[in-house]
Amino acid sequence: MKSPDTRFYVPELTKGVLPLSAEESAHAIRVCRARPGDILQLTDGKGHLATGIVEKADPHCCEIRVESIKESNRPKPLLHLGIACLKDDSNEEIALHVGEMEVASITLLRTEHSEEPKDSNLQKVVRRCELKATVSLKQSLKAWLTEIRGPVPLEEWIKNYRGDIVLCDMDGERNLPTLEKETTLLVGPEGGFSPREIELVKNYANGSVQILGLGKTRLRARTAAIVGIGKCV
């Protein structure tokens, strides 16, 4: 069998014989039709890559033999995304698309205008976003998994954050930021951040703040996130 044009996710990647998860095993054996002796490309999402030789072709618990592990030649991304919680499946859509790009993390933010149920801890949403980010890690052949964080109130996030901020706003500058250290692109909910929240961001003191314009039209939050990341990577 030709080695599949995808990577398989093994969060604890070590030398020796390793089991794939049930999901990865089913994909390898049932979808890619891997057989003993076939080679699979592996990543742990933490910057490590390896090839695995199928030892046991079990769709429930495929076993692979890893003889060497190498470091990716791509450093961990400096860019992060902070986005207000959205409704429906918008958070998952963002995780799927942004997860294909070199973005270190996505933080779901609770804001004055965010659209999530206020009495929910959003753990189901977070878990679905994690699954989408993992799918994108493998499909895009990246070595670094886009981590899903939150939900966290915007005020709390700003209080604890250390790094630069790029705030998306229609009236912002068109110049692209230069990423020299950890930088978070902030995208508000539908309708944007409130005036109080914008001032809170502008007064952030633990790094620089740049206001970035994304064009002459008003964009949906999910569109703004993808366009903004595309301008920065």
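In what follows, the accompanying structure is described. Keep in mind the model is a prediction, meaning the values are calculated, not measured. (Residues numbered from 1 in each chain as written. Predicted model: local features only at pLDDT ≥ 70, side-chain atom pairs only at ≥ 80, totals over all residues. Heavy atoms only, no water.)

## Focus: the overall build of the protein chain
- Assigned secondary structure in the protein chain consists of 6 helices and 11 strands.
- Overall, the protein chain is about 60 × 35 × 30 Å in size when its C-alpha atoms are taken along their principal axes.
- Counting contacts in the protein chain only where the partners sit at least 6 residues apart, residues at least 24 apart contribute 70% of the total.
- Accessible surface, the protein chain as shown: approximately 12,000 Å² in total, 50% of it carbon and sulfur. (Helix = DSSP H or I, 4+ residues; strand = E, 2+ residues; numbered from the N terminus. Contact = heavy atoms within 4.5 Å. Areas by Shrake-Rupley, 256 points an atom, 1.4 Å probe, with all protein chains shown as cover.)

## Quick word on the pattern of salt bridges
- If you walk through the whole model with that rule in mind, you get 12 salt bridges.
- Glu102 is the salt-bridge partner of Arg74, the closest N and O atoms lying 2.7 Å from each other. Taken together, the positions of Arg74 in the loop between strand 5 (63–71) and strand 6 (79–84) and Glu102 in the loop between helix 2 (90–98) and strand 7 (105–110) put the pair 28 residues apart, joining distant regions of the chain.
- Of the charged contacts, one joins Arg196 and Glu155 as a salt bridge, the two residues approaching to 2.4 Å between their closest N and O atoms. Here the residue Arg196 occupies a position in helix 5 (residues 195–202), and Glu155 occupies one in helix 4 (residues 154–160), the gap between them amounting to 41 residues.
- Under the relative-accessibility criterion, Arg196 is labelled partly exposed at 43%.
- The structure contains a network of salt bridges with shared partners spanning Glu55, Arg65 and Glu67. (Salt bridge = Lys/Arg side-chain N within 4 Å of Asp/Glu carboxyl O. Buried < 20%, exposed > 50% of the residue type's maximum accessible area, 1.4 Å probe, protein only.)

## As for the pairing of strand 4 (residues 48–56)
- Where strand 3 (residues 39–43) and strand 4 come together, 5 bridges link them in antiparallel fashion. Of the residues in strand 4, the one forming a bridge with Leu42 is Ala50.
- Counting the residues that bridge the hairpin from strand 3 to strand 4 gives 4 residues, and of these Gly45 lies at a positive phi of roughly 75°.
- Pairing geometry for strand 4 and strand 5, over 7 bridges, is antiparallel. Along strand 5, the bridge assignment pairs Gly52 with Val66.
- Connecting strand 4 to the next strand, strand 5, in antiparallel fashion are 6 residues. (Pairing = 2+ DSSP bridges.)

## What to know about the sheet that holds strand 3
- Reading across from one edge, 1-3-4-5-2 is the order of the 5 strands in this open sheet, with mixed pairing throughout. The strands lining the two open edges of the sheet, one partner per strand, are strand 1 (7–9) and strand 2 (16–19). Averaged over all pairs of adjacent strands, the angle between their axes in this sheet comes to 45°, without regard to strand direction.
- The strands touched by helix 3 (residues 123–140) are strand 1 and strand 3; relative to strand 1, the strand with the most contacts, the crossing angle is about 150°. (Axes fitted to C-alpha atoms, helices over the stretch in contact; angles between N-to-C directions.)

## Describing unusual backbone geometry
- For the bond from Gly150 to Pro151, the omega torsion is 0°, close enough to zero to count as cis.
- Relative to the helices and strands, Pro151 is located in strand 8 (residues 147–153).
- Phi angles above zero are rare outside glycine, and Arg33 is one such case at about 55°.
- Note on placement: Arg33 falls in the loop between helix 1 (22–31) and strand 3.
- A relative accessible area of 56% means that Arg33 is categorised as exposed.
- For Leu141, which is not glycine, the phi torsion reads 65° and is therefore positive.

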